[in-house]
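Architecture and fold: a report
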Amino acid sequence: MAEDARPIRSAEERLQFLLDLGDALRDAESPSEVARIATRMLGRVLEADRVAYLTVRKGNQLIRVVADWPENAHGGAAFEDAFSKAEVDELRSGRILMVSGGDRFELADSQTLAVAPVLSGGRLVAMICLVSKTSRQLQGQELDLIEEVGARACSAFSQAKTEIELRESEERLRDITDALPVLISYFDDEQRFQFANKLYETWFGRPRDQILGQKISGLMHGPVYEARKPFVEKALAGEAVQFVIDMPLAHGRIDTEVQLLPRFDEEGQVTGVYALVQDVTERRKAEEALRQSEAKFRQFADQSPAMTWSCDRGGKLTYLSSRWYEYTGQNPATPLTQSWDDVTHPGDRGKLHEKWAEALATHDTYDIEIRLLRYDGVYRWHSVRAEPLFNPNGAIAGWLGTNSDIDDAVAEREERKRDHDRLWQISQELMVVRDMTGKIISANPAASRILGWPPDELVGASIYDLLHPEDVNATIETVSAQLAEQGILSVRNRYRCKDGSYRTIDWRGALYEDHVHSVGRDVTAELQASEELQRA
């Protein structure tokens, strides 16, 4: 400040300065412009040599010099990080800081530095620094003016920053809505469009500025508007509305899904409606194709002799064919969740659920045999089989299953098993089942009788421990080659009996599910007779 500088002479001059400052700040379009206006006007009225506006980060660390008047006359770096903690604390308390000499601020020829805090909500947000090349004590009115300018600049600075952020937010929102493949709009309580995204231009062949301000009836004429009018009136009455309706466009008619959401003011009155409209033509075609496909599937399933059913990807039952209801006698109104357990034999429910949980976890084929209760109270065996269904992306979409009545086949299988068991018991030939390592899994009574080994000593033993040492290698080579080539074997070898003697056995066998099933005929006596005959 020059030595002959004087404060504003009258209250009228001070008021006029503040009015001029308010007008200038009001027209500012950015925070930096606010700071430039405040520093320029304050520097001129106080005849200062330099005025700077500094913003302060939370935690009282200086960020930067936002404006420095005269512009580019001094450079802003001199002020940054130049204040001690004690000085910052003093500024935080609202007191103006007076500093003599500008050496530590790199301000050559400066004698007086006045730093006025700018507080907002009790927090230090900015500083106004005034520099004079001569020593002078600021007067009370001057200090008051600095504080007033700081307060007004802070308010304008914050407002300008908020307005920029709001504009940027609106621009981002407009960019987002313009990028979406749906109509997005807002119309007021007079049904006039106040907002419309870019897709409106494509659909209706008009620039956006010709749509905004238009009434809905001006954009959609005659029957098109009348068909939508009841829904619009419901929305303006405060009801959220969703409906599907066709839309005539220049390139043809399309199906649209419309959502109308009313906007309420603080008193609960509807001020307008947000509208979201999307083209669902292809979706409706796909839904119709799916309905037709499902109808054909149900027709096929109902004509199939097997019971057909389906589940969603989580295993929840979604469909049972008419064959299910014919067989079980259940009412189609029976909840699907209890349909199965009600007709599954109690002894089969455990494995039914266990195997189903395993299939859901692994996405493998579900295959099980269980007994299902018929309408007349008779349980019959069924083969229950389901395959997972996958969508084009490879994710599981659901399950499709069938139940086939196999009760007669099971009865026949059980009868064959009984016949096998009888043959196993009465056969005079050795019958042995062993695994691929040679371990005996089971042996019939004839095997124990001929070899003399009790069943508990025979089962679990290895055939190679019973073979004559001279026959082991030849047996391994022959059997391995035969099973690998045709899955059947034909071999003669000698087996050690319980009493230490050996008997010669002719074996015939086949490989089935990793086990070798063999029948052996004791030819020891025949060989001895043949040898005696030759000697005679």
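Residues numbered from 1 in each chain as written. Predicted model: local features only at pLDDT ≥ 70, side-chain atom pairs only at ≥ 80, totals over all residues. Heavy atoms only, no water.

1. Quick look at the overall build of the chain
Applied cut-off: Working definition: helices are DSSP H or I runs of at least four residues, strands are E runs of at least two. Numbering for both runs from the N terminus. Only heavy atoms enter the contact rule, under which two residues are in contact if any of them lie within 4.5 Å. Residue-level accessible areas treat just the shown protein chains as cover; the underlying method is Shrake-Rupley with a 1.4 Å probe. His is not counted, nor are the chain ends; Lys and Arg add positive charge and Asp and Glu add negative charge. Just so you know, the charge point we use is NZ for Lys, CZ for Arg, CG for Asp and CD for Glu.
Broken down by element type, the chain carries 18 helices and 20 strands. Expressed as lengths along the three principal axes of its C-alpha atoms, the size of the chain is roughly 160 × 75 × 40 Å. Within the chain, contacts between residues separated by at least 24 positions form 43% of all contacts whose residues are at least 6 apart in sequence. For the chain, the exposed area adds up to about 30,700 Å²; of that, 49% sits on carbon and sulfur atoms. Of the side chains in the chain, 65 bear a positive and 89 a negative charge, and the two mean positions are spaced by 2 Å.

2. Digging into the sheet that holds strand β9 (residues 252-264)
What counts is decided by this rule: The criterion for strand pairing is that DSSP finds at least two bridges linking the strands in question. In this description, a line fitted to the C-alpha atoms serves as the axis of each element, helices being fitted only across the stretch in contact, and the angle between N-to-C directions of two axes falls anywhere from 0 to 180 degrees.
Read across the open sheet, the 5 strands follow the order β7-β6-β10-β9-β8; overall the sheet is antiparallel. Across the chains shown, the open sheet's two edge strands, defined by having one partner strand only, are β7 (193-196) and β8 (241-249). Geometrically, the sheet is characterised by an average inter-axis angle of 25° between neighbouring strands, direction not taken into account. Note: strand β6 (residues 183-188) against β7, 3 bridges, orientation antiparallel. Of the residues in β7, the one forming a bridge with Ser185 is Ala196. Against the sheet, helix α8 (residues 222-236) contacts β6, β8, β9 and β10 (270-279), and its axis sits at roughly 155° relative to β8.

3. Points about the nonpolar core
The condition is simple: Side-chain atoms within 4.5 Å are what join buried Ala, Val, Leu, Ile, Met, Phe, Trp, Tyr and Cys residues into a set we call a nonpolar core. Only protein chains enter the accessibility calculation, which uses a 1.4 Å probe; a residue whose area is less than 20% of its type maximum is buried, one above 50% is exposed, and one in between is partly exposed.
By size, the foremost hydrophobic cluster in this structure holds 35 residues, and its most contacted members are Val34, Leu42, Tyr53, Ile128, Leu130, Ile146 and Val149. Looking at this core, the elements with two or more residues in it are α1 (11-26), α2 (31-45), β1 (50-57), β2 (61-69), β4 (112-120), β5 (123-132) and α4 (140-179). Counting residues per element, this core draws most heavily on α4, which supplies 8 residues. Discounting chain neighbours no more than four positions away, the residues touching Ile146 are Leu42, Leu46, Ala116, Ile128, Leu130 and Leu138. If you look at the next biggest cluster of nonpolar residues, it comprises 26 residues, including Met220, Ile245, Val258 and Val277.

4. Looking at unusual backbone geometry
Following Trp69, the chain continues into Pro70 via a peptide bond in cis, with omega recorded as -5°. Take Pro70: it is sitting in the loop between β2 and α3 (85-92). One non-glycine residue with positive phi stands out, namely Glu47, at about 50°.

5. Things to note about a negative patch on the surface
Definition in use: A residue counts toward a patch only above 30% relative accessible area and without a salt bridge, and it is joined to like-charged neighbours within 9 Å or, for Val, Leu, Ile, Met, Phe, Trp and Tyr, to nonpolar neighbours within 5 Å. By definition here, a salt bridge exists when the distance from a side-chain nitrogen of Lys or Arg to a carboxyl oxygen of Asp or Glu is within 4 Å.
Side chains of Glu165, Glu168, Glu170, Glu171 and Asp175 sit close together on the surface and give a patch of like negative charge. Counting through the fold element by element, Glu170 comes out in helix α4. Since its relative accessible area comes to 47%, Glu170 is described here as partly exposed.

6. Side note on the pattern of salt bridges
Inspection of every chain in the model, using the stated rule, returns 32 salt bridges. Notably, a salt bridge pairs Arg284 with Asp255, separated by 3.9 Å at the nearest N-O pair. Here the residue Arg284 occupies a position in helix α9 (residues 281-303), and Asp255 occupies one in strand β9, the gap between them amounting to 29 residues. With a relative accessible area of 22%, Asp255 lands in the partly exposed category. Connected through salt bridges with shared partners, the residues Arg380, Asp405, Asp407 and Asp408 form a single ionic network.

7. Concerning the confidence of the model for the chain
Low pLDDT marks stretches whose predicted atomic positions should not be read closely. The condition is simple: Note on scores: pLDDT gives the predictor's confidence for each residue, bounded by 0 and 100.
Per-residue pLDDT for the chain averages 85, and the proportion of residues at 70 or more is 90%. Note on residues 1-6: pLDDT is under 50 here. Beyond four places in sequence and across chains, it has 20 contacts.

8. A look at the sheet that holds strand β13 (residues 366-373)
Overall, antiparallel pairing links the 5 strands, which are arranged β12-β11-β15-β14-β13 in an open sheet. Edge positions in the sheet fall to β12 (317-320) and β13, since each has one partner strand and no second. Strand-to-strand, the axes of this sheet are offset by a mean angle of 25°, without reference to chain direction. Strand direction decides the pairing type here: strand β11 (residues 307-312) and β12, joined by 3 bridges, are antiparallel. Within β12, the residue paired with Trp309 across the bridge is Leu320. Where helix α13 (residues 407-426) meets the sheet, it contacts β13, β14 (379-390) and β15 (396-405), and its direction lies at approximately 115° from that of β14.

9. A short note on the side chain of Asn403
Following the sequence through the fold, Asn403 ends up in strand β15. Asn403 sits in the buried class, given a relative accessible area of 1%. Once residues within four sequence positions are removed from consideration, Asn403 is found in contact with Ala306, Met307, Trp309, Trp324, Trp340, Leu372, His382, Ser383 and Val384.

10. Here's the deal with the environment of Leu113
Relative to the helices and strands, Leu113 resides in strand β4. Sequence separation between Leu113 and Val51 is 62 residues; the distance between their C-alpha atoms is 9.7 Å.

11. Quick look at the packing of α2 against α4
As a reminder of what qualifies: Here is the rule for angles: anything less than 35 degrees is roughly parallel, anything more than 145 is roughly antiparallel, 65 through 115 is roughly perpendicular, and the remaining ranges are oblique. Rotating anticlockwise by less than a right angle from the far helix to the near helix defines a left-handed crossing, while the corresponding clockwise rotation defines a right-handed one.
At their nearest, the axes of α2 and α4 sit 8 Å apart, and the two run at 165° to each other. By the criterion of interaxial angle, the relationship of α2 to α4 is roughly antiparallel. With respect to the hand of their crossing, α2 and α4 are arranged in right-handed fashion. Touching Pro31, Val34, Ala38, Leu42 and Val45 of α2 are Leu145, Ile146, Val149, Ala153, Ala156, Phe157, Ala160, Lys161 and Ile164, all from α4.

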